[in-house]
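Results of the structural survey
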Amino acid sequence: MSATINCKEFADYFAVPVQNKMNPAYIFEVEGKPHSVEEYYLNDLGHIHHSKLSPHLLEEPVITKDIYEVAVSLIQMFDDLDVKENGNKACSGAQFVLERSSVLVFLPGLGEINYMHELLTNLVHKRLQVYPLHSSVALEEQNNIFLSPVPGYRKIILSTNIAESSVTVPDVKYVIDFCLTRTLVCDEDTNYQSLRLSWASKTSCNQRKGRAGRVSRGYCYRLVHKDFWDNFIPDHVVPEMLRCPLGSTILKAKLLDMGEPRALLATALSPPGLSDIERTILLLKEVGALAVSGQREDENPHDGELTFLGRVLAQLPVSQQLGKLIVLGHVFGCLDECLIIAAALSLKNFFAMPFRQHLDGYRNKVNFSGSSKSDCIALVEAFKTWKACRQRGELRYPKDELNWGRLNYIQIKRIREVAELYEELKTRVSQFNMHVDSRRPVMDQEYIYKQRFILQVVLAGAFYPNYFTFGQPDEEMAVRELAGKDPKTTVVLKHIPPYGFLYYKQLQSLFRQCGQVKSIVFDGAKAFVEFSRNPTERFKTLPAVYMAIKMSQLKVSLELNVHSAEEIEGKVQGMNVSKLRNTRVNVDFQKQMVDPMQVSFNTSDRSQTVTDLLLTIDVTEVVEVGHFWGYRIDGKNSEILKKLTAEINQLTLMPLPTHPHPDLVCLAPFADFGKQRYFRAQVLYVSGNSAEVFFVDYGNRSHVDLHLLMEIPCQFLELPFQALEFKICKMRPSAKSLVCGEHWSDGASQWFASLVSGCTLLVKVFSVVHNVLHVDVYQYSGVQDAINIRDVLIQQGYAELTEESYESKVCAFTLAGARICVRENGADSVPFPHKYLIRILLESFSSNKLGTPNSKAVLHGPFNPYELKCHSLTRISKFRYD
């Protein structure tokens, strides 16, 4: 019998009447003979951080920084306890006890495990082997806790309550218990379950204590005060029936015809509240599992007959929402996908999140989800990929399957369990004449997108009326917070130390796991990290931005090794470097330049007013409908390009000094009218012995052999790139385009390409946002009136009118002519001494003249006001079609 069970409550519940009185059931106790385990509370640990152990009681379940430090100090103290207990004399120097007993630390969740792991990792000379134990940690990592530590090392296990009863590690001698847990509770308003931090019960804590003393005398340290333990810690855990949804229980009762649910559940060992039962019945009626007739006046509003949907749900070992998902999947022709989702969400997540590799696991999950950003679609794609690999025989051997799982961050044991439940669900629904269609559909180019849209509609219907909604950001505030930077490519860091530009290489390396950093702008205590965007991809938030935000959510520590401002100013003698404290500094990794900048980041002040600005252009690259690249073909611009090309091709070009990499600016060949010449280009990606490059002065791209790429002389980096990026203003995809494509339907893409290709276009600039020209585009032949391409797309039903963004509207009549003509540098002239001082400081730092950095700066962030929107679970009363 479980050690956490309330024996007296069970005995009283199963009491039988004997001679006019109720006799409880007999309780038989079979005691083992474990080693004794001594208990200690915070009151007993006054010798550890004495000043921090205040006697006040914390009624809110929380772990303060002081309590973490107490736990770390305890672990360091265990060496002395081992020596004292073994009767050994203290060893001199850094010699350690040969056999050091293991420590089991109970923490409430993964975030706390991460924090504690970081604290222990900093104890570099204490010879600790620290292992996390959590349900999301890969099974291979969980098995490490059973390994014997290296001689002379102490094994530390940081665990949730998974080690309370499910796992037994025999060599544990010390237990440190924070007396906290995360309990599954049901929200009354939304009927959704969530994990809530709460105090663990005394029975659970006693079960944890029992993990020590298995092979020798044990010690249990509870990090609460003794009077708090006696008066506030609950004796028993709240029964699941009182905190979890009752839908499945009521459906089973109705299927077995066991009477009215309220009367039946009143006889339970821990009967739920009457209001909980009534609310659940109303929810089942709202879902459609119970009938609502409304014809009889004497009808019980808190009862109802099972519908066909209710009978199906009662037969399935999944929640009501997932059962409804399966039924709707059958109705809308996506049963297979819905069975996969239901099976995967009913069991533990099969996506592996290796400890300290959460970002890699998250990146893999995002890749499976594609552009949908949907966990459910990621589960479907991962499961189908695994299944297809097995059918092709690629995972014939267990070793191959395990390697595939490691490569794709998928736990093979769990995905197999999902496959078993998937087959079970498929068998059960077949009893109701629901079958997965094994025939391959006739697929057109839009089939995949239509199916995904249908699946999203089915998901919405299954979980109605509960949705995660995204709050709209305050655009004006977000623009101000990002200082005019592009929210799709930029994140903000705060608490940057003085002279932060000295540490730009450290900052770049911190974000290397997210993506390619294009530039960093240091502005006081802030830094704006901008990631490289492929110019030939459509406008969307970069995956690198999502990765950076995920770092913040995972509380990944971002630290810089820095010098104090006083130290820097003191060691650079004869130089008034203090004036650089408030200077904006731009680090451009593309051009490998570090320069001061005096640009105002206020969008409305960036340029002077210009109206009716018309440009004649040639389109060279269509990214998507309404988004394209081109270059000006007027006389002045043509002369600039002709002169630039001539100067480049007169030089003796040198091969690249390093291997090509994405974002590298170089010279690449292009055959024009049968003659091959070199032009300025940016490497998009490298594949084998070739690279795809983007010609930055014309806007087109091409594949080039790596050995043909040449180094670009520095003087050719000074002239701004001449290619222009355009976006048709006041236009968005129609519903038809959204349903039938990634963003635009295939028909819309073909129609747009036919309108803009092979002809000269006239564009009227509306605004410039992040170097993208928002324009009206016209076909103009001189014979007939100009044709507005936006109007044509709207007439064909591919597009519809919309408002421009806040930034675009602010910029609409404040364009700088010079910026648009040749895209001149945005930075105003800055005093020469500033550039000189920056160079002197950077040289002093790189040559170690400032000495070794002796302090750390902990950065705050990263943030992105557009992407960190308010996520709230919202109950809606009706569908809205916008």
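Here the residue numbers are simple positions, counted from 1 along each chain's written sequence. Given that the model is predicted, a residue must reach a pLDDT of at least 70 before its local features are reported, and side-chain atom pairs must reach 80 or more before they are shown or counted; all residues, however, enter totals for whole chains, interfaces and linings. To get the side-chain values, all heavy atoms of the structure are used, and hydrogens and water are removed first.

For the protein, the name recorded in an unreviewed UniProt entry is RNA helicase, with Rhinopithecus bieti as its organism. UniProt positions are given in the numbering used here, feature names are shortened, and annotations may be inferred rather than shown by experiment. Heading Catalytic activity (unreviewed entry) of the UniProt record for the protein holds this comment: "ATP + H2O = ADP + phosphate + H(+)".

It is worth spelling out the pattern of salt bridges at this point. Just to be clear on terms, a salt bridge is a Lys or Arg side-chain nitrogen sitting within 4 Å of an Asp or Glu carboxyl oxygen. Under the criterion given, the structure shown has 36 salt bridges. Where arginine 208 meets glutamate 164, a salt bridge forms, and the shortest distance between an N and an O atom there is 3.1 Å. In this pair, arginine 208 sits in helix H6 (residues 202-209) while glutamate 164 sits in helix H5 (residues 162-165), placing the two residues 44 residues apart along the sequence. Both residues of the pair, arginine 208 and glutamate 164, count as buried. Note that aspartate 523 is salt-bridged to arginine 584, the shortest N-O span being 3.3 Å. Placement of aspartate 523 in strand E13 (residues 517-523) and of arginine 584 in strand E16 (residues 584-588) is noted, with a sequence separation of 61 residues between them. Buried means the residue's accessible area, taken with a 1.4 Å probe over protein chains only, is under 20% of the maximum for its type, while exposed means over 50%, and partly exposed covers the values in between. On the accessibility criterion, aspartate 523 (22% relative accessible area) is partly exposed. By relative accessible area, arginine 584 is classed as partly exposed at 24%. Elements are defined by DSSP. Helices are runs of H or I of four residues or more, strands are runs of E of two residues or more, and each kind is numbered from the N terminus.

Examined against the element boundaries, serine 737 turns out to sit in helix H24 (residues 735-739). Its relative accessible area of 0% is what places serine 737 among the buried residues. We define a polar contact as two N or O atoms separated by no more than 3.5 Å, with the added condition that, inside protein, one atom must be a possible hydrogen donor and the other a possible acceptor, whereas residues neighbouring each other in sequence contribute only through side-chain atom pairs. Separated by 3.0 Å, the side chain of serine 737 and the backbone oxygen of tyrosine 798 make a polar contact. Only heavy atoms enter the contact rule, under which two residues are in contact if any of them lie within 4.5 Å. When near neighbours in sequence (up to four residues on either side) are disregarded, serine 737 contacts His743, Trp744, Ser745, Ala748 and Tyr798.

For every element, the axis is a line fit to its C-alpha atoms; helices are fit only across the contacting stretch, and the angle between N-to-C directions ranges from 0 to 180 degrees. Following both chains from N to C, one finds helix H11 (residues 308-315) and helix H12 (residues 320-331) inclined at 115°, their axes separated by 9 Å at the closest point. Crossing handedness for the pair H11 and H12: right-handed. Contacts from Leu309, Val312 and Leu313 of H11 reach H12 at Gln320, Gly323, Lys324 and Val327. Amino acids are sorted into nonpolar (Ala, Val, Leu, Ile, Met, Phe, Trp, Tyr, Cys and Pro), charged (Asp, Glu, Lys and Arg) and polar (every other residue, Gly among them). Each residue belonging to the contact of H11 with H12 can be placed in one class, and the counts come to four nonpolar, two polar and one charged. Helix crossings get a hand from a simple test, with the near helix turned counterclockwise from the far one by less than a right angle marking a left-handed crossing and a clockwise turn marking a right-handed one.

Its 19 residues place the ends of helix H17 (residues 412-430) 27 Å apart at the C-alpha level, agreeing with the 27 Å of an ideal helix rising 1.5 Å per residue. Listed in full, the buried residues belonging to H17 are Ile412, Arg414, Ile415, Val418, Ala419, Leu421, Tyr422, Leu425 and Val429. Those residues of H17 hidden inside the fold are in contact with helix H4 (139-142), H12, helix H13 (335-346), helix H15 (375-391) and helix H16 (398-408). Expected span of a helix: the number of residues minus one, times 1.5 Å.

We now examine the environment of phenylalanine 501. Structurally, the position occupied by phenylalanine 501 is in the loop between strand E12 (490-494) and helix H20 (504-510). The class of phenylalanine 501 is buried, set by a relative accessible area of 3%. Each C-alpha atom of the pair phenylalanine 501 and isoleucine 520 lies 8.5 Å from the other, and the pair is 19 residues apart in sequence. Setting aside its immediate chain neighbours within four residues, phenylalanine 501 contacts Phe522, Leu580, Val585, Ile838, Leu841 and Leu842.

For the rest of this paragraph, the subject is the pairing of strand E7 (residues 172-177). For E7, the tally of buried residues reaches six of six residues, placing the bulk of the element in the interior. The pairing criterion for strands is at least two bridges between them, as found by DSSP. By the bridge criterion, five bridges tie strand E4 (residues 102-106) to E7 in an arrangement that is parallel. Counted as the bridge partner of phenylalanine 106 is aspartate 177 from E7. Pairing analysis gives four bridges linking E7 to strand E10 (residues 218-222), with the strands arranged parallel.

In this section: the sheet that holds E16. Picture the strands of a sheet paired through backbone hydrogen bonds; they go either parallel or antiparallel. If you walk across this open sheet you meet the six strands as E17-E16-E13-E14-E12-E31, and the pairing is antiparallel. Pairing within the sheet leaves two strands with one partner each, and these edge strands are strand E17 (593-597) and strand E31 (860-863). With strand direction ignored, the average angle separating the axes of adjacent strands in the sheet is 20°. The strands touched by helix H21 (residues 543-553) are E12, strand E14 (526-531) and E31; relative to E31, the strand with the most contacts, the crossing angle is about 150°.

Overall, antiparallel pairing links the four strands, which are arranged E20-E21-E22-E23 in an open sheet. Strands with a single pairing partner mark the edges of an open sheet, and in this sheet they are strand E20 (665-672) and strand E23 (701-705). Averaged over all pairs of adjacent strands, the angle between strand axes in this sheet comes to 50°, irrespective of strand direction. Relative to strand E22 (residues 690-695), strand E21 (residues 675-687) runs antiparallel, the two sharing six bridges.

All right, on to the packing of aromatic side chains then. Classification of ring pairs rests on two measures: the distance between centres of Phe, Tyr or Trp rings, Trp counted by its six-membered ring, which must be within 6.5 Å, and the angle between planes, read as stacked under 30 degrees, edge-to-face over 60 and tilted in between. A complete count under the given rule lists 28 aromatic pairs for this structure. Between tryptophan 199 and phenylalanine 228, the aromatic rings sit 4.9 Å apart at their centres with planes inclined by 65°, giving edge-to-face as the arrangement. Of this pair, tryptophan 199 sits in strand E9 (residues 193-199) while phenylalanine 228 sits in helix H7 (residues 226-231); the two residues are 29 residues apart in sequence, bridging distant segments of the chain. In terms of burial, tryptophan 199 and phenylalanine 228 fall into one category: buried. Aromatic side chains phenylalanine 308 and phenylalanine 432 sit 5.8 Å apart centroid to centroid with 80° between the ring planes, which places their arrangement in the edge-to-face category. Linking phenylalanine 308 in helix H11 with phenylalanine 432 in the loop between H17 and helix H18 (447-463), this pair joins segments that are 124 residues apart in sequence.

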